[in-house]
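Structure at a glance
Chain by chain, the residues:
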Amino acid sequence: MIPDDLDGQIAAVRGFNRFYTRAIGLLGRYLGSSWSLTEARVLYELFTRDGLAASDLCEDLGLDAGYLSRILRRFEAEGLVSRSPAPDDARRSLLSLTAAGRDAFSPYDEASRAEVGTMLTRLGPGDRDRLVAAMATVRDLVAGEGPEVVVRRHRPGDMGAIIAGQARIYAGEYGWNDEFEALVAEIAAAFLRANDPARERAFIADRAGEVVGSVFCVDGGEGIAKLRMLYVDASQRGTGLGRRLVRDCIAFAKGAGYAGMTLWTNDILAAARRIYVDEGFALSAEERHHSFGVDLVGQNWTLDFGMR
């Protein structure tokens, strides 16, 4: 049973599918040839890959074995495809395009390449990069194989992404106003103006070039580190990224010689608070306050490295 709240998103995906199949000419015969899109895809796989068996094509293309068998019989009758015994198993046949098959398909492969090239030349370099990155994102999400999230040091442009990401999350989920975005911007600017790389670090969670989380370790004075600016993008919730960032921050602080760590948060941020408790932080003080346009309960948490 598909939830009703997915109706709008389902319609959006179906609309994109209709737009894209029309935009790249997937309706009707393949580039004006006598081949259907499926038949052309079979020829393309044989054109670009060696040593394929019929079972490989069935698996890779998601085709019914009987349907593929009929396509291959037609191609063999037309002299486009040939079979030969596999070197390691004579009972298994490998498929390949004949010279006539390569000659027949080659112009269409070049035409497809030129068509896509023409589409891309209408875009500027930046838009081409965005398009290719967006396509990779669609592919990875649909396949359930999202790119790996790496945690790295900050580089130019990251602070702007962190400010924007945090502002969107806290405004959208908690109703915080521009005061919060201003605070995040001030913290980021102060870090960029004067940070000691040996004692302070920004940990950036990067997913295929997109900032999806962060945490900062800064000098809190008197030999104590301060954890700041922890956030995780909604796309990474439940992946353990928040805990990973906190642990990286703690490990860095210990390695830098701090005796402990403090942080300030608000009690409504329950997911972050669970991580802090699990990592050994203890609540040291809390106070009601009105900030970011809402009433909140601020909390100070501490972690003594000597106790762990």
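The structure this text deals with has already been given above.
Described in the following lines is the structure provided in the data block. The model shown is predicted, which means the values in this text are computed figures rather than measured ones. (Residues numbered from 1 in each chain as written. Predicted model: local features only at pLDDT ≥ 70, side-chain atom pairs only at ≥ 80, totals over all residues. Heavy atoms only, no water.)

Examining a nonpolar patch on the surface
Note the following rule: Patch definition: residues with relative accessible area over 30% and no salt bridge; like charges joined within 9 Å; nonpolar side chains (Val, Leu, Ile, Met, Phe, Trp, Tyr) joined within 5 Å. Residue burial considers only the protein chains on display, and all accessible areas are found by Shrake-Rupley using a 1.4 Å probe. Should a side-chain nitrogen of Lys or Arg be within 4 Å of a carboxyl oxygen of Asp or Glu, the pair is scored as a salt bridge. Comment: elements are numbered from the N terminus, with helices defined as DSSP H or I runs of at least four residues and strands as E runs of at least two.
A cluster of nonpolar side chains, Ile2, Leu6 and Ile10, forms an exposed patch at the surface whose accessible area comes to about 240 Å². Of note, Leu6 is situated in the segment before helix H1 (7-23).

A short note on the pairing of strand S7 (residues 260-266)
Rule in force here: Accessibility here uses a 1.4 Å probe with only protein chains present; expressed as a share of the type maximum, an area under 20% marks a residue as buried, one over 50% as exposed, and anything in between as partly exposed. Pairing between strands is defined by DSSP: at least two bridges between them are needed. If the strands point away from the viewer and the path from the first strand over the helix to the second runs clockwise, then the crossover is right-handed.
Of all seven residues in S7, five are buried, a share of seventy percent or more. Summarising the sheet, strand S6 (residues 224-232) and S7 pair through four bridges and their orientation is parallel. Bridge pairing in S7 places Lys226 opposite Thr262. For the crossover that starts at S6, traverses helix H9 (residues 241-255) and ends in the parallel S7, the hand is right-handed. Pairing analysis gives seven bridges linking S7 to strand S9 (residues 294-304), with the strands arranged antiparallel. The residue of S9 that forms the bridge with Trp264 is Asn300.

What about the packing of helix H3 (residues 54-61) against helix H4 (residues 65-77)?
Defined as follows: Between N-to-C directions, angles cover 0 to 180 degrees, with each direction set by a line fitted to C-alpha atoms, over the stretch in contact for helices. An angle below 35 degrees is read as roughly parallel, one above 145 as roughly antiparallel, one from 65 to 115 as roughly perpendicular, and any other as oblique. Left-handed is the label given to a crossing in which the near helix is rotated counterclockwise from the far helix by less than a right angle, and right-handed is the label when the rotation is clockwise. Residue contacts are counted whenever heavy atoms from the two residues lie within 4.5 Å of one another. Ten residues, namely Ala, Val, Leu, Ile, Met, Phe, Trp, Tyr, Cys and Pro, are considered nonpolar, four, namely Asp, Glu, Lys and Arg, are considered charged, and the remaining ones, Gly among them, are considered polar.
With their axes 10 Å apart at the nearest point, H3 and H4 run at an angle of 120° to one another. Taken as axis vectors, H3 and H4 run oblique relative to one another. Judged by the twist between their axes, the crossing of H3 over H4 is right-handed. Only Ala65, Leu68 and Leu72 of H4 make contact with H3, whose side of the interface consists of Ala54, Leu57 and Cys58. Considering only residue class, the contact of H3 with H4 consists of six nonpolar, no polar and no charged.

What about the sheet that holds strand S5 (residues 210-219)?
The sheet built from seven strands is open, its strands ordered S3-S4-S5-S6-S7-S9-S8 with mixed pairing. Two strands bound the open sheet, and with one partner strand each, they are strand S3 (149-153) and strand S8 (282-291). Geometrically, the sheet is characterised by an average inter-axis angle of 20° between neighbouring strands, direction not taken into account. Relative to S6, S5 runs antiparallel, the two being bridged by six bridges. Residue Asp219 lies in a different strand from S6, and its bridge partner there is Ala225. Where helix H7 (residues 158-174) meets the sheet, its contacts fall on S3, strand S4 (201-207), S5, S6 and S9, and the angle it forms with S6 comes to roughly 65°. Sheet strands touched by H9: S3, S4, S5, S6, S7 and S9. Its angle to S6, the strand with the most contacts, is close to 160°.

Some remarks on the pattern of salt bridges
In the structure shown here, the tally under the stated rule is 15 salt bridges. Between Glu78 and Arg74 there is a salt bridge, with its nearest N and O atoms 3.0 Å apart. In this structure, Arg243 and Glu279 form a salt bridge, with 3.5 Å as the shortest nitrogen-oxygen distance. Of this pair, Arg243 sits in helix H9 while Glu279 sits in the loop between helix H10 (270-278) and S8, and the two are 36 residues apart along the sequence. Classification of Arg243 as partly exposed rests on a relative accessible area of 25%.

Side note on the packing of aromatic side chains
Cut-off, in case you're wondering: Only centres within 6.5 Å qualify two rings of Phe, Tyr or Trp (six-membered ring in Trp) as a pair; their planes then separate them into stacked at under 30 degrees, edge-to-face at over 60, and tilted for everything else.
Taken as a whole and judged by the stated rule, the model has 14 aromatic pairs. With centroids separated by 6.4 Å and ring planes inclined at 45°, the aromatic side chains of Phe16 and Phe19 adopt a geometry described as tilted. Linking Phe16 with Phe19, this pair stays in helix H1, spanning three residues, or about one helical turn. The exposure class of Phe19 is partly exposed, given its relative accessible area of 45%.

Looking at the nonpolar core
What counts here: Among the buried residues, those of types Ala, Val, Leu, Ile, Met, Phe, Trp, Tyr and Cys that are joined through side-chain atoms within 4.5 Å form a nonpolar core.
One finds Cys217, Leu227, Leu230, Leu245, Met261, Tyr276 and Phe281 to be the most contacted residues of the largest nonpolar core, which totals 28 residues. For this core, the secondary-structure elements that each account for two or more residues are S4, S5, S6, H9, S7, H10 and S9. By residue number, the principal contributor to this core is H9, which donates seven residues. Not counting residues up to four positions away in its chain, the partners in contact with Tyr276 are Leu227, Leu230, Val246, Leu263, Thr265 and Phe281. Residues Trp176, Val184, Ile187 and Ala202 belong to the second largest nonpolar core, which totals 22 residues.

Side note on helix H8 (residues 178-193)
So the rule is basically this: To estimate how far a helix should extend, the number of its residues minus one is multiplied by 1.5 Å. Arc definition: directions from the helix axis to the C-beta atoms. Pairs of N or O atoms are called polar contacts if they sit within 3.5 Å, as long as, within protein, a hydrogen donor faces a hydrogen acceptor (for residues adjacent in sequence, only side-chain-to-side-chain pairs).
Helix length check: H8, at 16 residues, gives a terminal C-alpha distance of 22 Å against a target of 22 Å (1.5 Å per residue), a fit within 8%. Along H8, the residues that are buried comprise Phe180, Val184, Ile187, Ala188 and Phe191. Seen along its axis, H8 keeps its buried residues to an arc of 95°; they face one direction. Residues of H8 that are exposed and angled more than 90 degrees away from the buried face: Asp178, Glu186 and Arg193. Where H8 is buried, its residues touch H7, S4, S5 and S6. N-cap assignment for H8: the residue whose side-chain oxygen lies 2.9 Å from the backbone N of Glu179 is Asn177.

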